[in-house]
Amino acid sequence: MRTYRLVIACPDRVGIVAKVSNFLALYNGWINEASHHSDEQSGWFFMRHEIRAESLPFGIEAFREAFAPIAEEFSMTWRITDSAQKKRVVLMASRESHCLADLLHRFHTDELDCEIPCVISNHDDLRSMVEWHGIPFFHVPVDPKDKAPAFAEVSRLVEAHGADVVVLARYMQILPPQLCRDYAEKVINIHHSFLPSFVGAKPYHQASLRGVKLIGATCHYVTEELDAGPIIEQDVVRVSHADSIEDMVRFGRDVEKMVLARGLRYHLEDRVLVHGNKTVVFD
């Protein structure tokens, strides 16, 4: 079913829900799903409505025009999107295939409602897997002595393919600050949840030596500060002394790909609202 997704954040006050609901009722808008959250700490209110597009007498541009006075009255930061307009997702990866393969499979089986115009990688290892899905693959090597040309090409490719969101599916390079700023809240990354306890190489080996009992993964938006952007989704799995390092690596890959897929799905469905360095996720 085609829906419009109305997403709102604004200073909290009496009458917000009533005003929005009355507006939708005035135009016979049929609400499929409604989510609200009042954050007492920040004093902000967050809202997400899914409205049947066919129930309204106008299209999305006319909706924006009609709703604008209410948005101004309540000082809203807001957007409305059309579920019929699939978001374009550019995937980036290096050599590890588990996250990329999982997302490609979900795309191939229509579990992810999006378009994937291309995959970009700093290595050529995953080309055959990507091209099997009929998706263009771009190999952009990164010279550790001068990364600027490579990231200039990455930026060109992302823009040329009209990316609405970029997903770092185990892309093992740090994005330059300008790219982070250009695509603020539009670049999604995944990392193991040992950070910052076990940084650097072989985190699962370090964790095994420390006898950890939980391992996990964090999906977040990318900012200029490494691995410190607003968190979209997290999960954990228990481990024990009986688990080998190889077991822990396997468990870690499983939880990474699940968390990344959920985080991307929430973003594609406009379920994530960013406020400062926090998120409200209406799952």
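Within an unreviewed UniProt entry, the label attached to the protein reads Formyltetrahydrofolate deformylase, and the organism entered is Pseudomonas fakonensis. Per UniProt, the protein has the following entry under Catalytic activity (unreviewed entry): "(6R)-10-formyltetrahydrofolate + H2O = (6S)-5,6,7,8-tetrahydrofolate + formate + H(+)". The protein has a UniProt comment under Pathway (unreviewed entry) that states "Purine metabolism; IMP biosynthesis via de novo pathway; formate from 10-formyl-5,6,7,8-tetrahydrofolate: step 1/1."

Glancing now at the pairing of strand S5 (residues 87-93). The side chains of a regular strand alternate, first on one face of the sheet and then on the other. Burial of S5 is extensive: 6 of the 7 residues sit out of reach of the surface. Relative to strand S6 (residues 114-115), S5 runs parallel, the two sharing 2 bridges. Paired with Lys87 across the bridge in S6 is Cys114. Crossover handedness for the path S5 to helix H3 (residues 98-108) to S6: right-handed. Of the pairings in the sheet, the one linking S5 to strand S9 (residues 165-168) comprises 4 bridges and is parallel in character. Within the sheet, the bridge partner assigned to Leu91 lies in S9 and is Val167. Sheet topology places S5 next to strand S7 (residues 119-121); 3 bridges connect them, and they run parallel. Each bridged residue has a counterpart across the sheet, and for Met92 the counterpart in S7 is Ile120.

Another aspect to go through is the layout of surface pockets. Here the largest pocket is characterised by a volume of approximately 840 Å³. Lining the largest pocket are 36 residues, and of these Arg170, Met172, His191, His192 and Asp227 sit closest to its centre. At the level of elements, strand S10 (187-192), helix H7 (203-210), strand S11 (214-221) and helix H8 (245-268) are the ones that each hand at least two residues to the lining of the largest pocket. By residue class, the composition of the lining of the largest pocket is 18 nonpolar, 10 polar and 8 charged. Estimates place the volume of the second largest pocket at around 470 Å³. Listing elements by their share of the lining of the second largest pocket, those giving two or more residues are strand S1 (3-11), strand S4 (77-82) and strand S13 (272-275).

This part covers the packing of aromatic side chains. Tallied over the entire structure, the rule returns 7 aromatic pairs. Here Phe23 and Phe67 contribute two aromatic rings whose centre-to-centre distance is 5.3 Å and whose plane-to-plane angle is 70°, an arrangement assigned as edge-to-face. Taken as a pair, Phe23 in helix H1 (residues 16-26) and Phe67 in helix H2 (residues 60-73) lie far apart in primary sequence, 44 residues in all. Phe67 carries the same exposure label as Phe23, and that label is buried. Centroid distance Phe63 to Phe67: 6.0 Å. Interplanar angle 25°. Geometry classified as stacked. One end of the pair is Phe63 and the other is Phe67, both in helix H2 and 4 residues apart, which spans about a single turn. Of the residues examined, Phe63 reaches a relative accessible area of 0% and is grouped as buried. Members of the aromatic cluster, connected to one another through ring pairs, are Phe23, Tyr27, Phe58, Phe63, Phe67 and Trp78. The ring of Trp30 is capped by Arg52, whose NZ or CZ atom sits 3.8 Å from the centre of that ring.

Over its 24 residues, H8 runs 34 Å from end to end, which matches the ideal 34 Å to within 8%, given 1.5 Å per residue. Asp270 occupies a position one or two residues after H8 and carries a positive phi of about 55°.

The next point concerns the side chain of Arg52. Here Arg52 is to be found in strand S3 (residues 44-52). With no salt bridge to any partner, buried Arg52 finds its closest opposite charge in Glu54, at an N-O distance of 4.7 Å. One polar contact links Arg52 to Asn32, side chain to side chain, over a distance of 3.0 Å. Contacts of Arg52, omitting those with residues within four sequence positions, involve Met1, Arg2, Thr3, Trp30 and Asn32.

Turning next to the environment of His191. Relative to the assigned elements, His191 resides in strand S10. Relative accessible area serves as the criterion here: at 9%, His191 is assigned to the buried category. For the pair His191 and Asp82, spaced 109 residues apart in the sequence, the C-alpha separation amounts to 31 Å.

Reading guide: rules and limits
- Residues numbered from 1 in each chain as written.
- Predicted model: local features only at pLDDT ≥ 70, side-chain atom pairs only at ≥ 80, totals over all residues.
- Heavy atoms only, no water.
- UniProt positions renumbered as here; feature names shortened; annotations may be inferred.
- Buried < 20%, exposed > 50% of the residue type's maximum accessible area, 1.4 Å probe, protein only.
- Helix = DSSP H or I, 4+ residues; strand = E, 2+ residues; numbered from the N terminus.
- Pairing = 2+ DSSP bridges.
- Right-handed = clockwise from strand over helix to strand, strands pointing away.
- 1 Å grid on protein atoms, 1.4 Å probe; cavity = no way out; pocket = protein on both sides within 12 Å on 5 of 7 lines; lining within 4 Å.
- Points joined across faces, edges and corners; volume = space filled by probe spheres on them.
- Nonpolar A, V, L, I, M, F, W, Y, C, P; charged D, E, K, R; others polar.
- Phe/Tyr/Trp six-rings, centres within 6.5 Å; stacked < 30°, edge-to-face > 60°.
- Lys NZ or Arg CZ within 6 Å of the ring centre and 35° of its normal.
- Expected span 1.5 Å × (residues − 1).
- Lys, Arg positive; Asp, Glu negative; His and termini not counted.
- Salt bridge = Lys/Arg side-chain N within 4 Å of Asp/Glu carboxyl O.
- Polar contact = N/O pair within 3.5 Å; in protein donor to acceptor, adjacent residues only side chain to side chain.
- Contact = heavy atoms within 4.5 Å.

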